[in-house]
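Here is how the chains run, residue by residue.
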Amino acid sequence: QVQLVESGGGMVQPGGSLRLSCAVSGIIFSSYDMGWYRQAPGKQHELAALIGLGTTTYAGSVKGRFTIFRDYDKNMVYLRMNSLKPEATAVYYCTAVHRTSGAVYWGQGTQVTVSS
C-alpha cells in the first residue's frame, strides 16, 4: 500500500519559516520524482517544488525562499519554506511521480496558514 504522509503544517506569521515533511512508503522511492503541490482557497493546484535525479524545480513565486530536499535512507522528502508570505496560505500536498510509467501518488495534504 502506497502512503505519503505529510506533516509540519501550521500557522505562522508573515516572514516566518516552516518545514514540511513527507514520509513515503510502499514504493521504490528512488524511482520517483517527488514534489510539493499546493492549493489555495478557490484556486487550482499548483506546483511549488519538484526534485528529481539531481535536479530541482521551483515555482517562480517561491524560488529563493523554498528548498526541496529528500533523504533516500529515510524515504523522506522535505520542503523548507522561508520568508513566508500570506499568499503561501494553502493546503500542501506531497506527490510521487514514477519516472517511467508516470504513475502519480498524492498525500492527504497539510494546511499552511500565513497570517498575522
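Predicted, not measured: the structure shown is a model, and the values here were computed from it.

As for the pairing of strand β11 (residues 110-114)
- With 4 of 5 residues buried, β11 lies mostly within the body of the structure.
- Of the pairings in the sheet, the one linking strand β2 (residues 10-12) to β11 comprises 3 bridges and is parallel in character. By the bridge assignment for β11, glycine 10 is matched with valine 112.
- Examined bridge by bridge, strand β9 (residues 90-98) and β11 share 3 bridges and lie antiparallel to one another. Residue pairing for β11: alanine 90 is matched across the bridge by valine 112.

Considerations on the sheet that holds strand β8 (residues 76-81)
- Spatially, β1-β3-β8-β7 is the arrangement adopted by the 4 strands of the open sheet, whose pairing is antiparallel. The open sheet has two free edges, formed respectively by β1 (3-7) and β7 (66-71), since each of these has just one partner strand. With strand direction ignored, the average angle separating the axes of adjacent strands in the sheet is 15°.
- Looking at chain direction, β7 and β8 are connected through 6 bridges and run antiparallel. Residue pairing across strands places phenylalanine 69 opposite tyrosine 78, the latter belonging to β8.

What to know about the pairing of strand β5 (residues 45-51)
- Where strand β4 (residues 32-39) meets β5, 6 bridges bridge the pair, whose relative direction is antiparallel. From the neighbouring strand, methionine 34 faces β5, where its bridge partner is isoleucine 51.
- Linkage of β4 to β5, two consecutive antiparallel strands, is achieved through a turn of 5 residues, within which glycine 42 is found at a positive phi near 75°.
- As paired strands, β5 and strand β6 (residues 56-58) are joined by 3 bridges and run antiparallel to one another. Across the sheet, the residue bridging to alanine 49 is tyrosine 58, located in β6.
- Taking the residues between adjacent antiparallel strands as the criterion, β5 and β6 are bridged by 4 residues, where glycine 54 takes a positive phi near 75°.

Calculation notes
All chains use their own residue numbering, which begins from 1 and follows the written sequence. Note on the predicted model: pLDDT of at least 70 is required for a residue's local features to be given, and 80 or more for side-chain atom pairs to be given and counted; whole-chain, interface and lining totals, by contrast, use all residues. Only hydrogens and water are set aside; all other atoms, that is, all heavy atoms of the structure, feed into the side-chain values. Three exposure classes are used, based on accessible area relative to the maximum for each residue type with a 1.4 Å probe and protein chains only: buried under 20%, partly exposed in between, and exposed over 50%. In this description a helix means any DSSP run of H or I spanning at least four residues, a strand means any run of E spanning at least two, and both kinds are numbered starting from the N terminus. The pairing criterion is simple: DSSP has to find at least two bridges between the two strands. Interaxial angles span 0 to 180 degrees and are taken between N-to-C directions of axes, which are lines fitted to C-alpha atoms, for helices over the stretch in contact.

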